[in-house]
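Structure assessment
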Amino acid sequence: GSKWLSIDPMLKWLIWPYMMMFLSSPLSTFLIVKNQIKINGLWQYLHFISICALICFKFDSLEDFVKIYAFVEFTLCFIYLCIIRKVLVKSVEQNS
């Protein structure tokens, strides 16, 4: 019914981080292939701590929480993609 209509604004915020996860997740295996397990592990740790840190904040509404979560998730996945790109470029340059 009408209760579900309030979900729409939150879904608009969640599309972007899930898009970034959709891009970064399959590419993350490249770090393992290139023996960059330490970098991958550090990013996983940073990701875990950042998401868990959201518990420490008080949000006025669920929508505010979703906005902050989406921002943190999007930013972390963007950083992850940048790390993967840097390792990929370095690997290509070494093989040239």
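Above this note sits the structure.
Residues numbered from 1 in each chain as written. Predicted model: local features only at pLDDT ≥ 70, side-chain atom pairs only at ≥ 80, totals over all residues. Heavy atoms only, no water.

The end-to-end C-alpha distance of helix 4 (residues 62-95), which contains 34 residues, comes to 49 Å, matching closely the 50 Å that a straight helix rising 1.5 Å per residue would cover. Turning to helix 4, its buried residues are V66, Y69, A70, V72, E73, L76, C77, Y80, L81, I84, V87 and S91. Where helix 4 is buried, its residues touch helix 1 (8-27), helix 2 (29-33) and helix 3 (37-53). (Helix = DSSP H or I, 4+ residues; strand = E, 2+ residues; numbered from the N terminus. Expected span 1.5 Å × (residues − 1). Buried < 20%, exposed > 50% of the residue type's maximum accessible area, 1.4 Å probe, protein only. Contact = heavy atoms within 4.5 Å.)

Across all of its chains, the model carries 3 aromatic pairs by this definition. Taken together, a centroid distance of 3.8 Å and an interplanar angle of 10 degrees make the contact between W43 and Y80 stacked. Of this pair, W43 sits in helix 3 while Y80 sits in helix 4, and the two are 37 residues apart along the sequence. Y80 carries the same exposure label as W43, and that label is buried. Note on F65 and Y69: the rings are 6.3 Å apart at their centroids and 20 degrees apart in plane angle, and the pair reads as stacked. (Phe/Tyr/Trp six-rings, centres within 6.5 Å; stacked < 30°, edge-to-face > 60°.)

Right, let's talk about the environment of L81 for a bit. Mapped onto the elements, L81 comes out in helix 4. C-alpha separation for the pair L81 and M20, spaced 61 residues apart in sequence, amounts to 8.4 Å. L81 has contacts with M20, L23, S24 and L27, leaving out every residue within four places of it along the chain.

A separate point is the side chain of S24. Looking at the element boundaries, S24 is found in helix 1. Once residues lying within four places of it in the same chain are set aside, the contact partners of S24 are C77, Y80, L81 and I84.

Once that is clear, we can look at the packing of helix 3 against helix 4. The relative placement of two packed helices comes down to the angle between their axes together with the axis-to-axis distance. Relative orientation of the contacting elements helix 3 and helix 4 amounts to 175 degrees, with a least axis distance of 10 Å. Accordingly, the angle class assigned to the pair helix 3 and helix 4 is roughly antiparallel. Where helix 3 abuts helix 4, its residues I39, N40, W43, Q44, L46, H47, S50 and I51 lie against Y69, V72, E73, L76, C77, Y80, I83 and V87. The residue inventory of the contact of helix 3 with helix 4, partitioned by class, reads 11 nonpolar, 4 polar and 1 charged. (Axes fitted to C-alpha atoms, helices over the stretch in contact; angles between N-to-C directions. Parallel < 35°, antiparallel > 145°, perpendicular 65-115°, else oblique. Nonpolar A, V, L, I, M, F, W, Y, C, P; charged D, E, K, R; others polar.)

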